[in-house]
Amino acid sequence: MDIKYIKELNSAVHDFFNSNGFSSEGQDTGFYKSEDKIYKISYENDAKLFMLSSASIVTDDTDANYSTLSTWYFDEANHGAKDIQCIADDFIGTVAKKEGIRISTGSVTDTSSIALPEKNKDGDEPGIEAFAGKFLALFPQYKDAYKEMIATYGDFLYVEFFKKYAVEKMCELKADEAKNKKQLKKYFDMLGAMHYDGEAIVGDVICTVILAGAFKGNTAEYLELANTYLADWQFLKTAGLAAVNNYKSDKKLRELLG
(Lines give C-alpha, C1' and ligand atoms only; values in the text may rest on other atoms or scores of the structure.)
Protein backbone atom coordinates (compact mmCIF):
# COMPACT_ATOMS: atom_id res chain seq x y z
CA MET A 1 0.00 0.00 0.00
CA ASP A 2 1.32 3.41 -1.01
CA ILE A 3 1.62 5.37 2.25
CA LYS A 4 0.14 8.42 0.50
CA TYR A 5 -3.35 6.87 0.56
CA ILE A 6 -3.14 6.21 4.30
CA LYS A 7 -2.04 9.82 4.80
CA GLU A 8 -4.87 11.10 2.59
CA LEU A 9 -7.49 9.13 4.52
CA ASN A 10 -6.22 10.32 7.90
CA SER A 11 -6.01 13.87 6.60
CA ALA A 12 -9.65 13.69 5.49
CA VAL A 13 -10.93 12.59 8.93
CA HIS A 14 -8.44 14.48 11.12
CA ASP A 15 -10.41 17.71 11.56
CA PHE A 16 -13.65 15.86 12.39
CA PHE A 17 -12.01 13.87 15.18
CA ASN A 18 -10.09 16.83 16.62
CA SER A 19 -13.15 19.09 16.63
CA ASN A 20 -15.13 16.47 18.54
CA GLY A 21 -12.71 15.81 21.38
CA PHE A 22 -10.50 13.10 19.90
CA SER A 23 -6.81 13.97 19.90
CA SER A 24 -4.33 12.32 17.56
CA GLU A 25 -0.72 11.46 18.24
CA GLY A 26 0.08 12.52 14.68
CA GLN A 27 -2.05 12.92 11.59
CA ASP A 28 -0.69 9.82 9.89
CA THR A 29 -0.97 7.37 12.79
CA GLY A 30 -4.68 6.64 12.52
CA PHE A 31 -5.27 6.69 16.30
CA TYR A 32 -7.86 9.13 17.68
CA LYS A 33 -8.40 9.19 21.44
CA SER A 34 -10.80 10.68 23.94
CA GLU A 35 -10.69 10.14 27.70
CA ASP A 36 -12.34 6.73 27.49
CA LYS A 37 -12.33 5.63 23.85
CA ILE A 38 -10.01 5.20 20.93
CA TYR A 39 -10.79 4.95 17.21
CA LYS A 40 -8.26 3.34 14.91
CA ILE A 41 -7.97 3.54 11.13
CA SER A 42 -5.74 0.90 9.61
CA TYR A 43 -5.05 -0.95 6.37
CA GLU A 44 -4.71 -4.72 6.01
CA ASN A 45 -2.43 -5.44 3.08
CA ASP A 46 -3.41 -9.09 2.59
CA ALA A 47 -7.15 -8.42 2.52
CA LYS A 48 -6.73 -4.98 0.87
CA LEU A 49 -9.08 -3.43 3.42
CA PHE A 50 -9.22 -0.07 5.13
CA MET A 51 -10.68 -0.65 8.59
CA LEU A 52 -12.31 1.55 11.20
CA SER A 53 -12.22 0.02 14.68
CA SER A 54 -12.97 1.23 18.20
CA ALA A 55 -12.03 0.18 21.72
CA SER A 56 -12.31 1.37 25.27
CA ILE A 57 -9.16 2.93 26.68
CA VAL A 58 -7.12 0.51 28.80
CA THR A 59 -3.87 0.99 30.70
CA ASP A 60 -1.80 -0.30 27.79
CA ASP A 61 -3.14 0.64 24.34
CA THR A 62 -1.61 -2.48 22.79
CA ASP A 63 -4.00 -4.59 24.85
CA ALA A 64 -7.10 -2.74 23.68
CA ASN A 65 -9.88 -5.03 22.50
CA TYR A 66 -10.93 -3.49 19.19
CA SER A 67 -14.25 -4.10 17.47
CA THR A 68 -14.62 -3.46 13.75
CA LEU A 69 -17.12 -0.76 12.80
CA SER A 70 -16.58 -0.47 9.05
CA THR A 71 -14.35 -1.96 6.36
CA TRP A 72 -13.69 -0.87 2.79
CA TYR A 73 -11.96 -2.79 0.04
CA PHE A 74 -9.24 -0.64 -1.53
CA ASP A 75 -7.01 -1.94 -4.29
CA GLU A 76 -4.56 0.62 -5.68
CA ALA A 77 -4.96 -0.83 -9.16
CA ASN A 78 -8.66 0.05 -9.24
CA HIS A 79 -9.15 2.75 -6.61
CA GLY A 80 -7.76 6.20 -5.97
CA ALA A 81 -8.18 9.55 -4.24
CA LYS A 82 -11.89 9.80 -5.06
CA ASP A 83 -12.51 6.51 -3.28
CA ILE A 84 -10.45 7.68 -0.29
CA GLN A 85 -12.88 10.58 0.17
CA CYS A 86 -15.83 8.18 0.00
CA ILE A 87 -14.23 6.00 2.67
CA ALA A 88 -13.49 9.05 4.83
CA ASP A 89 -17.12 10.20 4.57
CA ASP A 90 -18.33 6.78 5.62
CA PHE A 91 -15.91 6.54 8.57
CA ILE A 92 -16.89 10.01 9.76
CA GLY A 93 -20.57 9.18 9.47
CA THR A 94 -20.11 5.90 11.31
CA VAL A 95 -18.35 7.59 14.22
CA ALA A 96 -20.89 10.43 14.26
CA LYS A 97 -23.73 7.96 14.52
CA LYS A 98 -22.02 5.94 17.26
CA GLU A 99 -21.11 9.01 19.30
CA GLY A 100 -24.39 10.85 18.76
CA ILE A 101 -22.59 13.69 16.99
CA ARG A 102 -24.80 15.80 14.78
CA ILE A 103 -22.87 16.98 11.76
CA SER A 104 -23.72 20.55 10.80
CA THR A 105 -26.07 20.83 7.85
CA GLY A 106 -25.89 24.60 7.47
CA SER A 107 -29.29 26.19 6.91
CA VAL A 108 -31.19 22.93 6.41
CA THR A 109 -33.93 22.72 9.04
CA ASP A 110 -36.30 20.19 7.47
CA THR A 111 -36.18 17.47 4.88
CA SER A 112 -38.36 19.28 2.35
CA SER A 113 -35.38 21.35 1.20
CA ILE A 114 -33.07 18.34 0.78
CA ALA A 115 -32.57 17.27 -2.81
CA LEU A 116 -32.59 13.65 -3.86
CA PRO A 117 -29.38 12.27 -5.42
CA GLU A 118 -28.68 13.43 -8.96
CA LYS A 119 -28.13 11.24 -11.99
CA ASN A 120 -24.60 10.95 -13.28
CA LYS A 121 -23.62 13.07 -16.25
CA ASP A 122 -23.61 11.42 -19.65
CA GLY A 123 -20.34 9.62 -20.23
CA ASP A 124 -19.42 9.44 -16.52
CA GLU A 125 -19.28 6.19 -14.59
CA PRO A 126 -22.20 6.11 -12.13
CA GLY A 127 -21.02 6.75 -8.59
CA ILE A 128 -22.65 6.17 -5.21
CA GLU A 129 -25.08 9.09 -5.60
CA ALA A 130 -26.23 7.84 -9.00
CA PHE A 131 -26.65 4.35 -7.55
CA ALA A 132 -28.71 5.78 -4.69
CA GLY A 133 -30.83 7.63 -7.23
CA LYS A 134 -31.51 4.39 -9.12
CA PHE A 135 -32.44 2.61 -5.91
CA LEU A 136 -34.79 5.40 -4.83
CA ALA A 137 -36.41 5.54 -8.27
CA LEU A 138 -37.14 1.83 -8.00
CA PHE A 139 -38.23 1.97 -4.35
CA PRO A 140 -39.48 5.53 -3.68
CA GLN A 141 -40.71 4.59 -0.20
CA TYR A 142 -37.13 5.12 1.00
CA LYS A 143 -36.82 8.72 -0.20
CA ASP A 144 -37.75 10.11 3.20
CA ALA A 145 -35.16 7.89 4.89
CA TYR A 146 -32.51 9.26 2.53
CA LYS A 147 -33.50 12.85 3.31
CA GLU A 148 -33.62 12.21 7.05
CA MET A 149 -30.10 10.80 6.96
CA ILE A 150 -28.81 13.90 5.19
CA ALA A 151 -30.65 16.17 7.64
CA THR A 152 -29.29 14.30 10.65
CA TYR A 153 -25.68 13.70 9.65
CA GLY A 154 -25.07 16.25 6.91
CA ASP A 155 -23.87 13.51 4.60
CA PHE A 156 -25.06 10.37 2.86
CA LEU A 157 -23.83 7.43 4.94
CA TYR A 158 -24.26 5.04 2.09
CA VAL A 159 -23.00 1.91 3.85
CA GLU A 160 -25.51 2.43 6.65
CA PHE A 161 -28.26 3.30 4.19
CA PHE A 162 -27.81 0.34 1.86
CA LYS A 163 -27.05 -2.04 4.73
CA LYS A 164 -30.44 -1.20 6.21
CA TYR A 165 -32.80 -0.41 3.35
CA ALA A 166 -31.39 -2.19 0.30
CA VAL A 167 -30.83 -5.37 2.30
CA GLU A 168 -34.25 -5.01 3.92
CA LYS A 169 -35.93 -4.74 0.52
CA MET A 170 -34.07 -7.70 -0.95
CA CYS A 171 -35.03 -9.85 2.04
CA GLU A 172 -38.64 -8.73 1.81
CA LEU A 173 -38.90 -9.59 -1.89
CA LYS A 174 -37.11 -12.93 -1.81
CA ALA A 175 -39.20 -14.07 1.16
CA ASP A 176 -42.08 -14.52 -1.31
CA GLU A 177 -40.48 -14.97 -4.70
CA ALA A 178 -43.65 -16.20 -6.39
CA LYS A 179 -45.44 -12.99 -5.49
CA ASN A 180 -42.53 -10.66 -6.20
CA LYS A 181 -40.99 -12.02 -9.42
CA LYS A 182 -41.41 -8.77 -11.36
CA GLN A 183 -39.92 -6.60 -8.62
CA LEU A 184 -37.08 -9.05 -8.06
CA LYS A 185 -36.23 -8.95 -11.75
CA LYS A 186 -36.23 -5.14 -11.76
CA TYR A 187 -34.10 -5.07 -8.61
CA PHE A 188 -31.52 -7.57 -9.86
CA ASP A 189 -31.43 -5.91 -13.29
CA MET A 190 -30.71 -2.56 -11.65
CA LEU A 191 -27.96 -4.10 -9.53
CA GLY A 192 -26.50 -5.87 -12.55
CA ALA A 193 -26.44 -2.71 -14.68
CA MET A 194 -24.94 -0.58 -11.90
CA HIS A 195 -22.33 -3.23 -11.12
CA TYR A 196 -21.35 -3.35 -14.79
CA ASP A 197 -21.39 0.41 -15.49
CA GLY A 198 -20.61 1.94 -12.12
CA GLU A 199 -17.46 2.95 -10.31
CA ALA A 200 -15.55 0.29 -8.39
CA ILE A 201 -17.01 1.44 -5.09
CA VAL A 202 -20.56 0.90 -6.41
CA GLY A 203 -19.69 -2.70 -7.22
CA ASP A 204 -18.18 -3.12 -3.76
CA VAL A 205 -21.38 -1.91 -2.10
CA ILE A 206 -23.60 -4.12 -4.26
CA CYS A 207 -21.58 -7.26 -3.47
CA THR A 208 -20.19 -6.84 0.03
CA VAL A 209 -23.07 -4.88 1.56
CA ILE A 210 -26.30 -5.71 -0.27
CA LEU A 211 -25.84 -9.28 -1.50
CA ALA A 212 -23.66 -10.48 1.37
CA GLY A 213 -26.01 -8.77 3.83
CA ALA A 214 -29.19 -10.18 2.31
CA PHE A 215 -28.02 -13.77 1.91
CA LYS A 216 -25.62 -14.00 4.89
CA GLY A 217 -23.62 -16.92 3.57
CA ASN A 218 -26.56 -18.91 2.19
CA THR A 219 -24.98 -19.72 -1.16
CA ALA A 220 -27.69 -22.22 -2.13
CA GLU A 221 -30.42 -19.59 -1.81
CA TYR A 222 -28.29 -17.01 -3.59
CA LEU A 223 -27.55 -19.30 -6.54
CA GLU A 224 -31.20 -20.30 -6.86
CA LEU A 225 -32.15 -16.66 -7.37
CA ALA A 226 -29.01 -15.66 -9.25
CA ASN A 227 -29.50 -18.42 -11.81
CA THR A 228 -32.90 -16.91 -12.58
CA TYR A 229 -32.39 -13.18 -12.19
CA LEU A 230 -28.70 -12.68 -12.98
CA ALA A 231 -28.51 -14.83 -16.09
CA ASP A 232 -27.80 -11.67 -18.12
CA TRP A 233 -25.34 -10.33 -15.54
CA GLN A 234 -22.68 -13.00 -15.19
CA PHE A 235 -20.05 -10.65 -13.76
CA LEU A 236 -22.32 -9.75 -10.86
CA LYS A 237 -23.45 -13.35 -10.44
CA THR A 238 -19.84 -14.46 -9.95
CA ALA A 239 -18.79 -11.51 -7.79
CA GLY A 240 -21.93 -11.84 -5.69
CA LEU A 241 -21.28 -15.52 -5.07
CA ALA A 242 -17.78 -14.70 -3.84
CA ALA A 243 -19.17 -12.06 -1.45
CA VAL A 244 -21.89 -14.37 -0.12
CA ASN A 245 -19.31 -17.11 0.41
CA ASN A 246 -16.97 -14.62 2.08
CA TYR A 247 -19.62 -13.79 4.67
CA LYS A 248 -19.20 -17.26 6.17
CA SER A 249 -15.44 -16.96 6.64
CA ASP A 250 -14.95 -13.24 7.27
CA LYS A 251 -15.72 -12.36 10.89
CA LYS A 252 -15.17 -8.66 10.26
CA LEU A 253 -17.69 -8.67 7.43
CA ARG A 254 -20.25 -10.38 9.68
CA GLU A 255 -19.65 -7.76 12.38
CA LEU A 256 -20.13 -4.99 9.84
CA LEU A 257 -23.35 -6.39 8.38
CA GLY A 258 -24.81 -7.79 11.59
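The following refers to the structure shown. (Residues numbered from 1 in each chain as written. Predicted model: local features only at pLDDT ≥ 70, side-chain atom pairs only at ≥ 80, totals over all residues. Heavy atoms only, no water.)

Some words on the packing of aromatic side chains
A full pass over the atoms with the stated rule returns 27 aromatic pairs. Ring plane angle 45° and centroid distance 5.2 Å describe the contact between tyrosine 142 and tyrosine 165, whose orientation is recorded as tilted. With tyrosine 142 in the loop between α3 (128–138) and α4 (143–153) and tyrosine 165 in helix α5 (residues 158–174), this pair connects stretches of sequence that are 23 residues apart. Here tyrosine 142 matches tyrosine 165 in class, with each residue buried. Here phenylalanine 156 and tyrosine 158 contribute two aromatic rings whose centre-to-centre distance is 6.2 Å and whose plane-to-plane angle is 55°, an arrangement assigned as tilted. Both residues of the pair, phenylalanine 156 and tyrosine 158, belong to the buried class. Three or more aromatic residues link up through ring pairs in this structure, and these residues are Trp72, Phe131, Phe135, Phe139, Tyr142, Tyr146, Phe156, Tyr158, Phe161, Phe162, Tyr165 and Tyr187. (Phe/Tyr/Trp six-rings, centres within 6.5 Å; stacked < 30°, edge-to-face > 60°. Helix = DSSP H or I, 4+ residues; strand = E, 2+ residues; numbered from the N terminus. Buried < 20%, exposed > 50% of the residue type's maximum accessible area, 1.4 Å probe, protein only.)

Considerations on the environment of glycine 198
Inspection of the secondary structure assignment puts glycine 198 in the loop between α6 (177–197) and α7 (200–215). Overall, the relative accessible area of 12% leaves glycine 198 in the buried class. On a C-alpha basis, the gap between glycine 198 and alanine 130 in space is 8.7 Å, while along the polypeptide they are 68 residues apart.

Structural notes on the nonpolar core
Ranked by internal contacts, the top residues of the largest apolar core, which has 78 residues, are Phe135, Phe161 and Phe162. Ranked by residues supplied to this core, first place goes to α7 with 11 residues. Not counting chain neighbours up to four residues away, the residues in contact with phenylalanine 135 comprise Tyr142, Phe161, Phe162, Tyr165, Ala166, Tyr187 and Met190. (Core = buried A, V, L, I, M, F, W, Y, C linked by side-chain atoms within 4.5 Å. Contact = heavy atoms within 4.5 Å.)

Here's the deal with the packing of α6 against helix α9 (residues 234–249)
Each pair of packed helices gets described by two things: the angle between the helix axes and the distance between those axes. At a minimum axis separation of 9 Å, α6 and α9 run at an interaxial angle of 95°. Considered as vectors, α6 and α9 are oriented roughly perpendicular to each other. Across from Leu191, Gly192, His195 and Tyr196 in α6, the residues of α9 making contact are Phe235, Leu236 and Ala239. Residue composition of the contact of α6 with α9, grouped by class: five nonpolar, two polar and no charged. (Axes fitted to C-alpha atoms, helices over the stretch in contact; angles between N-to-C directions. Parallel < 35°, antiparallel > 145°, perpendicular 65-115°, else oblique. Nonpolar A, V, L, I, M, F, W, Y, C, P; charged D, E, K, R; others polar.)

Digging into the pattern of salt bridges
Under the counting rule described, the total for this entry stands at eight salt bridges. Residues glutamate 44 and lysine 252 are paired through a salt bridge, measuring 2.3 Å at the closest nitrogen-oxygen approach. Of this pair, glutamate 44 sits in strand β3 (residues 37–44) while lysine 252 is found in helix α10 (residues 251–257), placing the two residues 208 residues apart along the sequence. Judged by its relative accessible area of 29%, glutamate 44 is partly exposed. Here lysine 252 falls in the partly exposed class, since its relative accessible area comes to 26%. With a shortest N-O distance of 3.0 Å, glutamate 221 and lysine 174 are connected by a salt bridge. Highlighted residues: glutamate 221 in helix α8 (residues 219–229) and lysine 174 in helix α5, separated in sequence by 47 residues. (Salt bridge = Lys/Arg side-chain N within 4 Å of Asp/Glu carboxyl O.)

Regarding unusual backbone geometry
Positioned with a positive phi, lysine 216 is a non-glycine residue whose angle comes to about 45°. Position of lysine 216 relative to the elements: it lies in the loop between α7 and α8. Judged by its relative accessible area of 39%, lysine 216 is partly exposed.

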